[in-house]
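The residues making up each chain are set out below.
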Amino acid sequence: MARSTTSSTAAARAQPAPRRNALPGRLSPGMACDTAFRIIARRHLDAVLGQHDGTCRGDPEALHQIRIALTHLRTAIRFFSPMVDDARRPEVWTELKWLNSQLGMVRDLDVAIDRVIAESGGELDVIAELQHWDEKRAESHRLLARALQSARYRRLVEQTSGWIESGPWSTRRSKEAIRLRRCSLADHATAQLTEWETTLLKKARKLRKLDVEKRHKLRLLNKRLTYSVESLQDLFADESLTKQKAILRQLRKAQKSLGQLNDDARGQTLAASLNETVPEAGIRFLNRKREKELLRTASKAYRKLDKAKPFRSSDLAPDAEPED
């Protein structure tokens, strides 16, 4: 009970900066990019805060959701670059990256433990192995809970929130800075989605030749595009919503396969730390047949995505006048 009270107290202290301006509840195609960025970033920062207590208590689902929200927030910052690339952005980014690393270790262990349990079949040696995994998870969670209740985390929330609301990016007076802030969301989103999709598909054509590290980078590009499309869901009308769902379906299929491949690689790394006590721990994460199947699924999804028509401005602004 004391543990829950502590985390709640920490969360109460980690409050977002006061919000000076009321924002629309939904995105719209003609909305200026500075307004759109604040709406999207606020949503995801609020989602991070909403999962704080559950993560501190050790709830695996809360941990999963806080990581998703944090990745959405980091993706939004990338999506609206260079508009938000000011003097404070590197500090904000460093702190968000720190938080992600704190969350990542425990999440990797949760995934690995689930894999071990799924393949255990009640075998006694596997049950013994699980004890070592659980001990490592408990230790990592203690460190995570401490980080989430720290002064550094509270500063992160306050500084990130303040930067979203009124960072230097929002007041720069150069013609280019003003142009970027005033650019319509539909125009910026179309250009950014097209650029990211082109980059993703170009790299995906070499998927089967990529090593673990490059495959991981491809997965991050996939996630970046997926989360951006999801964040822009307010903009899609009925006609383009079907297209959006079809594109997301292929992106998610590829992301799931690449995610499982990444989980296997992380599982092998984590298992290496158990080798002294459980010498065979890493073997369960080595499965060439599974690897080939996952690569095949991802490759098929990318081929279908490549055949789909790329996003157009009319997808995001269906009521706009047609271009000459």
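Everything numeric here is computed off the predicted structure, so don't read it as measured data.

1. Digging into the nonpolar core
(1) Moving on: Residues L27, F37, F80, L232 and Y302 are the most contacted members of the largest nonpolar core, which totals 70 residues.
(2) Moving on: If sequence neighbours within four positions are ignored, Y302 has contacts with L200, L201, A204, L207, L218, N222, A254 and L258.
(3) Moving on: One finds L109, I113, V116 and W133 within the second-largest nonpolar core, a separate group that totals eight residues.

2. Thoughts on the side chain of R89
(1) Moving on: Position of R89 relative to the elements: it lies in helix α5 (residues 89–118).
(2) Moving on: Judged by relative accessible area, R89 falls into the buried class, the value being 17%.
(3) Moving on: Residue contacts for R89: discarding those within four places in its chain leaves I77, V84 and W163.

3. What about a positive patch on the surface?
(1) Moving on: On the surface, R208, R249, K253, K292, R296, K300, R303, K304 and K307 cluster together to form a positively charged patch.
(2) Moving on: It is helix α12 (residues 288–307) that contributes the most residues to the positive patch, six residues altogether.
(3) Moving on: Structurally, R249 can be placed in helix α11 (residues 238–272).

4. Things to note about the packing of helix α4 (residues 60–79) against helix α10 (residues 212–231)
(1) Moving on: Between α4 and α10, the shortest axis-to-axis distance is 9 Å and the interhelical angle comes to 90°. The angle between the axes of α4 and α10 places the two elements in the roughly perpendicular class. When α4 is examined against α10, the residues I68, T71, H72, T75, R78 and F79 are found in contact with a partner set consisting of K223, R224, Y227, S228, E230 and S231.
(2) Moving on: Looking at the contact of α4 with α10 residue by residue, the classes come out as three nonpolar, five polar and four charged.

5. As for the confidence of the model for the protein chain
(1) Moving on: For the protein chain, the average pLDDT comes to 85, and 82% of its residues sit at 70 or higher.
(2) Moving on: Element-level mean pLDDT values for the protein chain span from 44 in helix α1 (residues 2–13) up to 98 in helix α8 (residues 175–182).
(3) Moving on: Contacts for the low-pLDDT stretch residues 1–12, under 50 throughout, to residues beyond four places or in other chains number 16 contacts.
(4) Moving on: Note on residues 320–324: pLDDT under 50 across the span, and one contact to partners over four residues away in sequence or across chains.

6. Side note on the pattern of salt bridges
(1) Moving on: Applying the stated criterion across every chain, the model contains 13 salt bridges.
(2) Moving on: Salt-bridge contacts for R42 lead to E165; the nearest nitrogen and oxygen are separated by 2.7 Å. Note that R42 is positioned in helix α2 (residues 33–50) and E165 in helix α7 (residues 151–166), a separation of 123 residues in sequence. Exposure class is identical for R42 and E165. Each is buried.
(3) Moving on: Salt-bridge contacts for R179 lead to E176; the nearest nitrogen and oxygen are separated by 2.8 Å.

7. A look at α5
(1) Moving on: The terminal C-alpha atoms of α5 lie 42 Å apart, and with 30 residues this matches the ideal 44 Å at 1.5 Å per residue to within 8%.
(2) Moving on: The largest bend in α5 comes to about 30°, at G104.

8. Details of the state of the cysteines
Disulfides are covalent bonds that link the sulfur atoms of two cysteine residues.
(1) Moving on: Throughout the structure, instances matching the rule amount to zero disulfides.
(2) Moving on: Free of any disulfide, C33 has its nearest neighbouring cysteine sulfur in C183, separated by 4.5 Å.
(3) Moving on: Using a relative accessible area of 1% as the deciding quantity, one classes C33 as buried.

9. A closer look at the environment of D187
(1) Moving on: Residue placement: D187 occurs in helix α9 (residues 185–204).
(2) Moving on: Here the alpha-carbon distance between D187 and M31, two residues 156 residues apart in the chain, equals 10.0 Å.
(3) Moving on: At 3.2 Å, the side chain of D187 forms a polar contact with the side chain of S184.

What counts and how
Residues numbered from 1 in each chain as written. Predicted model: local features only at pLDDT ≥ 70, side-chain atom pairs only at ≥ 80, totals over all residues. Heavy atoms only, no water. Core = buried A, V, L, I, M, F, W, Y, C linked by side-chain atoms within 4.5 Å. Buried < 20%, exposed > 50% of the residue type's maximum accessible area, 1.4 Å probe, protein only. Contact = heavy atoms within 4.5 Å. Helix = DSSP H or I, 4+ residues; strand = E, 2+ residues; numbered from the N terminus. Patch = residues over 30% accessible without salt bridge, like charges linked within 9 Å, V, L, I, M, F, W, Y side chains within 5 Å. Areas by Shrake-Rupley, 256 points an atom, 1.4 Å probe, with all protein chains shown as cover. Salt bridge = Lys/Arg side-chain N within 4 Å of Asp/Glu carboxyl O. Lys, Arg positive; Asp, Glu negative; His and termini not counted. Charge placed at Lys NZ, Arg CZ, Asp CG, Glu CD. Axes fitted to C-alpha atoms, helices over the stretch in contact; angles between N-to-C directions. Parallel < 35°, antiparallel > 145°, perpendicular 65-115°, else oblique. Nonpolar A, V, L, I, M, F, W, Y, C, P; charged D, E, K, R; others polar. pLDDT = per-residue confidence, 0-100. Expected span 1.5 Å × (residues − 1). Bend = angle between axes of the 7 residues up to and from the residue. Disulfide = S-S within 2.5 Å. Polar contact = N/O pair within 3.5 Å; in protein donor to acceptor, adjacent residues only side chain to side chain.

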